[in-house]
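What follows is the residue order along each chain.
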Amino acid sequence: MDIAATANWPALLGTTSSWAHLLDPLDLNLRRLILRCGDMCQVTYDSFINDKNSTYCGCSRYSKPTLLHKTCFPLADQYDVSGFLYATARVSVPESMLLKSRSREAWDRESNWIGYIAVSNDSVSEKLGRREVYVAWRGTTRDYEWVDILGAKLASVKRLMKDGDEDGDEDEDEDDKEEVMLGWLTMYVSDDPKSEFTKVSARKQLLKKIGKLIEEYKHEKLSIVFTGHSLGASLSVISAFDVVENLTSEIPVSAFVFGCPKVGNKQFNDRLNSHHNLKILHIRNIIDVIPHYPVRVLGYVNTGIELHIDTRKSPYLKDSKNPSDWHNLQTMLHVVNGWNGSNGEFKVRIKRSLALVNKSCDMLKEECLVPASWWVEKNKGMVLKEDGEWVMGELDEENRPSPED
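Because the structure is a prediction, the values reported are computed rather than measured. (Residues numbered from 1 in each chain as written. Predicted model: local features only at pLDDT ≥ 70, side-chain atom pairs only at ≥ 80, totals over all residues. Heavy atoms only, no water.)

### Brief notes about helix H11 (residues 329–338)
Line of reasoning, step 1. For H11, the tally of buried residues reaches ten of ten residues, placing the bulk of the element in the interior.
Line of reasoning, step 2. Within H11, the full set of buried residues consists of Leu329, Gln330, Thr331, Met332, Leu333, His334, Val335, Val336, Asn337 and Gly338.
Line of reasoning, step 3. Contacts made by the buried residues of H11 are with helix H2 (28–47), strand E6 (222–229), strand E7 (253–258), strand E8 (278–285), strand E9 (305–309) and helix H10 (323–327).
Line of reasoning, step 4. Measuring from the backbone nitrogen of glutamine 330 back to the side-chain oxygen at the start of H11 gives 3.1 Å, which picks out asparagine 328 as the cap. (Buried < 20%, exposed > 50% of the residue type's maximum accessible area, 1.4 Å probe, protein only. Helix = DSSP H or I, 4+ residues; strand = E, 2+ residues; numbered from the N terminus. Contact = heavy atoms within 4.5 Å. Polar contact = N/O pair within 3.5 Å; in protein donor to acceptor, adjacent residues only side chain to side chain.)

### What to know about the environment of alanine 20
Line of reasoning, step 1. Relative to the helices and strands, alanine 20 resides in the loop between helix H1 (9–12) and H2.
Line of reasoning, step 2. C-alpha of alanine 20 to C-alpha of asparagine 285: the two residues are 265 residues apart in sequence and 20 Å apart in space.

### Considerations on the nonpolar core
Line of reasoning, step 1. In this structure, Leu30, Leu33, Ile34, Tyr116, Phe256 and Phe258 are the most contacted members of the largest nonpolar core, which totals 62 residues.
Line of reasoning, step 2. Ignoring anything within four residues of it in the chain, the contact list for isoleucine 34 reads Leu26, Phe256, Phe258, Leu281, Ile283, Leu307, Leu333 and Val336.
Line of reasoning, step 3. By size, the runner-up hydrophobic cluster in this structure holds 54 residues, among which are Ala155, Trp184, Val189 and Leu272. (Core = buried A, V, L, I, M, F, W, Y, C linked by side-chain atoms within 4.5 Å.)

### Things to note about helix H8 (residues 231–246)
Line of reasoning, step 1. The terminal C-alpha atoms of H8 lie 23 Å apart, and with 16 residues this matches the ideal 22 Å at 1.5 Å per residue to within 8%.
Line of reasoning, step 2. In terms of burial, H8 is largely enclosed, as 15 of its 16 residues are buried. (Expected span 1.5 Å × (residues − 1).)

### Here's the deal with the packing of H8 against helix H9 (residues 266–273)
Line of reasoning, step 1. Between H8 and H9, the least distance of the axes is 10 Å, while the angle of their chain directions is 50°. When the interaxial angle is binned, H8 and H9 end up oblique. H9 is crossed by H8, and the crossing has left-handed handedness. In this structure, H8 contributes Val237, Phe241 and Glu245 to the contact, and H9 contributes Phe268, Arg271 and Leu272.
Line of reasoning, step 2. The class makeup of the residues in the contact of H8 with H9 is four nonpolar, no polar and two charged. (Axes fitted to C-alpha atoms, helices over the stretch in contact; angles between N-to-C directions. Parallel < 35°, antiparallel > 145°, perpendicular 65-115°, else oblique. Left-handed = near helix turned anticlockwise from the far one by under 90°. Nonpolar A, V, L, I, M, F, W, Y, C, P; charged D, E, K, R; others polar.)

If you want it as structure tokens, here you go:
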């Protein structure tokens with residue numbers, strides 16, 4: 001699923017013309033890049049431990065060196081994971097966002113693993129003539145729970161702006177300030193001195209790591225791509241904005257997001273769009289309800305260029321009435337692979353296993369002979385001890401979480 005060496009990367013990243021003439025019909029290399037970003041998002045779901053019976057609930061099942069291979073990422077040999085990102089929240093958030101272990105020996109009671117940074121290795125970068133940096137943010141484990149619990153209060157993003165301050169205090173008129181959803185912002189900027197993993201916020205972790213990569217590869221062509229699904233999509237938009245505000249006005253920064261809720265108000269969008277090196281492409285299933293939230297009457301607007309797809313076009317998918325199926329990441333990636341426009345015939349363009357659709361749902365028709373939600377840890381993590389007792393297994397020492405530098 002590799003992108004052609006002759007590909008026009010500025011066009012694929014949206015920096016030259018905001019994907020004009022590449023979306024309809026969908027350009028083959030852009031299709032490959034979208035699928036690559038989606039697969040990077042999927043890694044966060046496939047590695048995240050969401051069983052509260054586990055001592056390691058809320059962390060990654062795999063370490064940085066093993067993450068891409070253990071989750072069967074298709075291009076694992078081409079990228080190295082350079083950093084993990086962890087988040088906490090100063091206020092209560094839904095369990096679909098931050099999970100906590102029931103165990104008294106929990107690895108951390110305040111923080112969750114929320115994403116990772118991957119960098120193209122030397123051999124790939126040499127062939128491309130550029131160094132790729134990807135930031136993948138994890139989405140929610142239960143897509144709809146946060147809609148009712150978080151609410152839709154807007155909050156100022158002045159603390160993220162280069163002329164702002166850390167506390168986000170502002171004096172400007174209430175109707176003329178850049179704002180995003182408080183819930184997204186809280187997870188991004190919160191820290192917790194009690195945790196070894198979030199002594200500094202996810203934001204500060206990210207800026208430090210990206211800053212180091214920019215310095216390390218300052219003599220190479222560099223691109224930075226953010227990607228995420230659902231909650232991860234919102235964090236991708238906010239963090240991409242943060243990077244162009246505070247780290248670079250020259251390096252191309254793009255965000256490829258899937259099923260993204262509305263992030264902020266018009267003033268935030270205007271500020272975001274003023275950065276010419278930042279482009280956002282939102283892959284959106286037209287029957288997915290999540291991108292409609294929060295509603296416009298609350299002050300929210302859509303962000304970025306939208307690629308509309310329709311999961312009802314695929315002959316392989318059930319006619320599901322479950323909104324969670326319409327929002328499922330692998331379902332969307334399958335449709336991207338076969339998308340030929342709203343008036344075109346669905347036809348798969350890139351070799352990709354159909355079984356991936358049912359990784360975490362039951363959307364494939366029965367004749368496909370693929371079990372539902374088949375990506376599970378063996379025996380759900382239970383192991384048999386020598387004395388005959390079945391217990392929740394421990395992570396191998398190489399995969400146990402350790403605080404980032």
